[in-house]
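# Coordinate analysis (summary)
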Amino acid sequence: MDRNDENDGQPARIPQQRSSVPSFLFLIFMLFILTNHTGDEFLARNHYQDALQSLNHQLSNFTAWLNGTESNFTMPDRNAAATPLVESFMSFGSRLNSQWASYFSNVTGFAHGEIDFFNITPPSLESATYPWRAHAETFMGDANMTNLVGHFGSWNWTGSDKISWSIMDRAPINVKGVTEKIAMVHGRIDVRHPATSDDMKLDFEGVHFLANGSIYGFAEPTGRHIDIRYIPAFVPEAFQNDTARTIEPELMSRINKVKDMIDAGVIDQDSTNGELQGGCGFSVYAQIAPSEIPAKDMEDLEDELQKPTGRWTVKRPPLKLNGVLLSRECGILYNLHDAEGLRSQLFFRKVATYAGISAFVYLVQLLLLSRQVDRSRTPAGLSRVSLWTFLAQSIVDSVSFAGHITFAIIANGRPSLSLVAPAFVACVLFAFESQHAILINQVQAPEDAVAPPPPRPVQQEPSLPSQVVPTPTTAPRSTGPTFSSLLFRHIRSDPQARIWLGMFFFLTFIVRVIVTPSLALVFVASMYSLFWLPQIIRSVKKGRSSALTAEYLIGTSLCRLFHALYFLACPKNVLDVEPRGWIWYLVIFIFLQVAVVLLQQRFGPAFFLPKRFARAQVHDYHPALPLSAADPEAPDESLGDCAICMEAIHTEDEKQLEHVTGGLLRNVGARRSYSLAPCQHLFHTECLEKWLAIKNICPHCRRPLPPL
């Protein structure tokens, strides 16, 4: 009888897992297709050429206007009611005694504050009782309500309550004929809506007067062009000429920058792909609060902040500012009050500190994972852990890696290097967890495999010799399998390919939607809730406690919650994310899961369930068996031969227990000496325990075996 005949009636062997290299190459190919932007780069280059031509045209006309020669440029008229309307909400600064007080000479950084909305459209002002109502009516003049409504767009301007302002303050340059120190500033203003968690992004361009700490500028929705040549139209008349002469070298600087980028082939595609958004344009008026620090000490503090040397300086005062955002085309006034600013250098230090602590936390997680993997690397240990527990953690780490890399790109400076450290460790942690999840899937897959039914015997009908068997016609030759069918067959037969493909689609979905704040919060809550809950469910279903140690459960939970609590509970986090009260309920829920997993190891997997629901189907490896020998009193009586060591399973232990205990523990001793598998193969219990530490299939028929 050959080997194939011996296997008749037995389930087929589980095919060996295929290599994951083809799946990995397929994943790389899909990522290349999604990230290839050759056409976008061509469009961006043409956009830069058009921008360079437009800037040259603006500079030539503006220079001619400054020199009093013929020009196509015309400065718009000043709205006389704007200044008294703004002064109803804030006071502009004045020159200070440099020996007692000073202003911040550089406000590069970030400012956050609350805003108050006021509707200054003519119909709304008719019933208003504001003390500044007359100034607002004069400012709006004969505004067309049809045009006002058209400029509003879909954004809910009335519900906005906070503002985030990123400012880049350039060093003032010496311009011939300019007596004031004027610095060009630019940046972005994000108007926040609390209900939708969305932001209206406004590009900002303006000037900063260092002598009195005042800032004037324009804010337009992203996609609109801001013509900085119009800024002198609404600064104080005493500074109008100096402002105009300061703008001329700024235009030259921008032209040279665009030329250098085109010559170097550096094309910023993101800056050219923004679609033109509707919305309201604003005139921005802001005033920096003075500090009680002499000008000399303020200069020393600024020098130390820009180029740290370790020397002593005065304590850094808080940066505060007030402002007004005024829109005549929409009839909107926002009052910004007591906004807190954070200098860029201090922000960079804060980011570096966060990156260092985050990298340390990830290293602790990596250490805990490696220790847990060493303790549960056997098939018996892997069968007691949940696949979804490690998959959920790997998904969180992959998103964390993408988030830190994105943060590093946005930072675009010294802090970007520090953010690479937590991103790298998170990537390594993702790789280890994914590899461990694949190993768990390979071990636990046979548990769900169903043995195929035995083949039915084929009944052969007797042939009639008198009949002539017709010659079968030759069927047309079928074509070979298509690429799609081969790909589908490969994905269907290779578990690793399914895991890689599923992870690819899931991560693609996450990358597309994680930028939405509301979806990001849902993602955090759902993924963190799935850390230990699948482990609890698996332990109940299989009737066995988990193989996760208390060190891994508690340590990993604390490390995971570090990032969640930092961004959702700390109001001073680096991303300025609003604190969420529900994060504390999530913390309680996670540690409740940890407590249940630990109590399952002590009191049983289903200790918290009623008895009628706590009955797990567990195979009995020690049923009562008759002796195989004909003479029960023979010295070599046995239960049969072990399918592993091929030696007889004697009952000597049973006789010793009968001699010592008088037969009270006869059955207990016999049941400990042998194990009967579901496939009816008999083993020594010691032999089966050693075998299950290597594989969880029967060594004789290759059927999956439940835990012993």
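Because the structure is a prediction, the values reported are computed rather than measured. (Residues numbered from 1 in each chain as written. Predicted model: local features only at pLDDT ≥ 70, side-chain atom pairs only at ≥ 80, totals over all residues. Heavy atoms only, no water.)

### What to know about the overall build of the protein
Here is the rule: Each helix is a run of DSSP H or I of at least 4 residues and each strand a run of E of at least 2, with the numbering of both proceeding from the N terminus. For every residue, the accessible area obtained with a 1.4 Å probe (protein chains only) is divided by the maximum for its type, and the residue is called buried under 20%, exposed over 50%, and partly exposed between those limits. Contacts are assigned to residue pairs with any non-hydrogen atoms lying within 4.5 Å of each other.
Broken down by element type, the protein carries 22 helices and 12 strands. Looking at the 708 residues of the protein, the share that counts as buried comes to 41%. Pairs at least 24 residues apart make up 72% of the contacts formed inside the protein by residues separated by at least 6 positions.

### As for the pattern of salt bridges
Formally: For salt bridges, the criterion is a side-chain nitrogen of Lys or Arg within 4 Å of an Asp or Glu carboxyl oxygen.
Tallied over the full model, the rule gives 19 salt bridges. The closest approach of N and O atoms between Arg224 and Glu329, which form a salt bridge, is 3.3 Å. Here the residue Arg224 occupies a position in the loop between strand E5 (214-221) and helix H8 (240-264), and Glu329 occupies one in the loop between strand E7 (319-327) and strand E8 (332-343), the gap between them amounting to 105 residues. Take Arg224: its relative accessible area is 25%, and that puts it in the partly exposed class. Residue Glu551 pairs with Arg371 through a salt bridge whose shortest N-O separation is 2.9 Å. With a gap of 180 residues between them, Glu551 in helix H18 (residues 550-569) and Arg371 in helix H10 (residues 344-375) connect regions that are remote in the sequence. A residue is classified by how much of its surface remains accessible, and Arg371, at 35% relative accessible area, is partly exposed. When salt bridges with common partners are traced through the structure, they connect Arg170, Glu205, Glu250 and Arg254 into a single cluster.

### As for the state of the cysteines
The test is simple: We call a pair of cysteine sulfur atoms a disulfide whenever their separation is within 2.5 Å.
Evaluated as defined, the whole model comprises 1 disulfide. The cysteine Cys698 is free of any disulfide, with Cys679 supplying the nearest cysteine sulfur at 3.6 Å. A residue is classified by how much of its surface remains accessible, and Cys698, at 0% relative accessible area, is buried.

### Describing the packing of helix H17 (residues 533-542) against helix H19 (residues 583-603)
The cut-off we apply is this: Axis definition: a line fitted to C-alpha atoms, over the contacting stretch in the case of helices. Angles run 0 to 180 degrees between N-to-C directions. Angle categories are assigned with fixed cut-offs, so that under 35 degrees is roughly parallel, over 145 is roughly antiparallel, 65 to 115 is roughly perpendicular, and the rest are oblique. Helix crossings fall into two classes, left-handed where the near helix is turned counterclockwise from the far one by less than a right angle and right-handed where it is turned clockwise.
The interhelical angle for the contact between H17 and H19, taken along N-to-C directions, is 25°, at an axis separation of 9 Å. Classified by the interaxial angle, the pair formed by H17 and H19 is roughly parallel. Crossing of H17 against H19: the hand is left-handed. Of the residues in H19, those in contact with Leu533, Ile536, Ser539 and Val540 of H17 are Gln593, Val596, Val597 and Gln600.

### As for the packing of aromatic side chains
The condition that has to hold: Centres within 6.5 Å make a pair out of two Phe, Tyr or Trp rings, where for Trp the six-membered ring is used; the pair is then stacked when the planes are under 30 degrees apart, edge-to-face when over 60, and tilted otherwise.
Within the structure shown, the criterion is met by 33 aromatic pairs. Both rings, one in Phe89 and one in Trp132, keep their centres 5.1 Å apart while their planes meet at 50°; by these two values the pair is tilted. Pair noted here: Phe89 is in the loop between helix H4 (82-87) and strand E1 (109-119) and Trp132 is in the loop between helix H5 (122-126) and helix H6 (133-140), with a separation of 43 residues, a long-range link. Ring centres 5.5 Å apart and planes at 85° place the aromatic pair Phe118 and Trp132 in the edge-to-face group. Of this pair, Phe118 sits in strand E1 while Trp132 is found in the loop between H5 and H6, placing the two residues 14 residues apart along the sequence. Here the two residues Phe118 and Trp132 agree in accessibility, since each one is buried. Here the aromatic cluster, defined as three or more aromatic residues joined through ring pairs, consists of Phe92, Phe209, Tyr216, Phe218, Phe234, Phe239 and Tyr285.

### Thoughts on the environment of Val86
Inspection of the secondary structure puts Val86 in helix H4. Exposure remark for Val86: the relative accessible area of 1% places this residue in the buried category. A sequence separation of 198 residues divides Val86 from Val284, and the C-alpha atoms of the two residues are 9.8 Å apart. In contact with Val86, not counting residues within four places along its chain, are Phe92, Tyr285, Val324 and Leu326.

### Re the sheet that holds E5
For the record, the criterion: Note on pairing: DSSP must find at least two bridges between two strands before they are called paired.
Taken in spatial order, the 8 strands close into a barrel running E1-E2-E3-E4-E5-E6-E7-E8, and their pairing is antiparallel. Between one strand axis and the next, the sheet turns by 25° as a mean value, whatever way the strands run. Bridge count for E7 against E8 is 8 bridges, and the pairing is antiparallel. Bridge pairing links Lys320 to Glu340 in E8.

### Examining unusual backbone geometry
Even without a glycine there, the phi angle at Asp338 is positive, about 55°. Structurally, the position occupied by Asp338 is in strand E8. Even without a glycine there, the phi angle at Met646 is positive, about 60°. With respect to the helices, strands and loops of the structure, Met646 is situated in the loop between strand E9 (638-641) and strand E10 (648-650).

### Observations regarding the nonpolar core
What counts is decided by this rule: We call a set of buried Ala, Val, Leu, Ile, Met, Phe, Trp, Tyr and Cys residues a nonpolar core when their side-chain atoms join them within 4.5 Å.
Ile120, Phe139, Val207, Ile231, Tyr285 and Leu326 are the most contacted members of the largest nonpolar core, which totals 46 residues. Of the residues forming this core, the biggest block, 7 residues, is contributed by H8. Here Tyr285 is in contact with Ala82, Val86, Met90, Phe92, Ile215, Tyr216, Phe234, Asn322, Gly323, Val324 and Leu326, once residues within four sequence places are set aside.

### So, the side chain of Glu180
Our working rule: Distance and chemistry together define a polar contact, namely a pair of N or O atoms within 3.5 Å, with one atom able to donate a hydrogen and the other to accept it when in protein, and with adjacent residues in sequence counting only for side-chain atoms on both sides.
For Glu180, the location among the structural elements is in the loop between strand E2 (162-169) and strand E3 (182-192). Polar side-chain contacts of Glu180 include one of 2.3 Å to the side chain of Arg95. Once you skip the residues sitting within four places of it in the chain, Glu180 turns out to touch Arg95, Ala211, Phe239 and Asp242.

### Description of the pairing of E2
Bridge analysis of E1 against E2 gives 6 bridges, and the strand direction is antiparallel. Paired with Gly109 across the bridge in E2 is Ile167. Here E2 runs beside E3; their pairing, made up of 8 bridges, is antiparallel. Looking at the pairing, Trp165 lines up with Ile189 of E3.

### Considerations on the environment of Glu205
Structurally, the position occupied by Glu205 is in strand E4 (residues 199-209). Residue classification places Glu205 among the buried positions, given a relative accessible area of 13%. Put simply, Glu205 and Val185 are 20 residues apart on the chain and 6.0 Å apart in space, counted from C-alpha to C-alpha. Here Glu205 is in contact with Val185, His186, Gly217, Phe218, Ile226, Ile228, Ile231 and Arg254, once residues within four sequence places are set aside. Polar contacts involving the side chain of Glu205 include one to the side chain of Arg254, which spans 2.6 Å.

### Structural notes on the packing of H18 against H19
The relative placement of two packed helices is expressed as an angle between their axes plus a distance between the axes. With their axes 11 Å apart at the nearest point, H18 and H19 run at an angle of 175° to one another. On the basis of their axis angle, the class for H18 and H19 is roughly antiparallel. Counted together, Ala550, Leu553, Ile554, Ser557, Leu558, Leu561, Ala564, Leu565, Leu568 and Ala569 of H18 and Ile583, Trp584, Val587, Ile590, Phe591, Val594, Val597 and Leu598 of H19 form the full contact between these two elements.

### Considerations on the side chain of Ser545
Secondary-structure assignment places Ser545 in the loop between H17 and H18. Residues in contact with Ser545, not counting those within four places in the same chain, are Arg384, Ser539, Gln600, Gln601 and Pro605.

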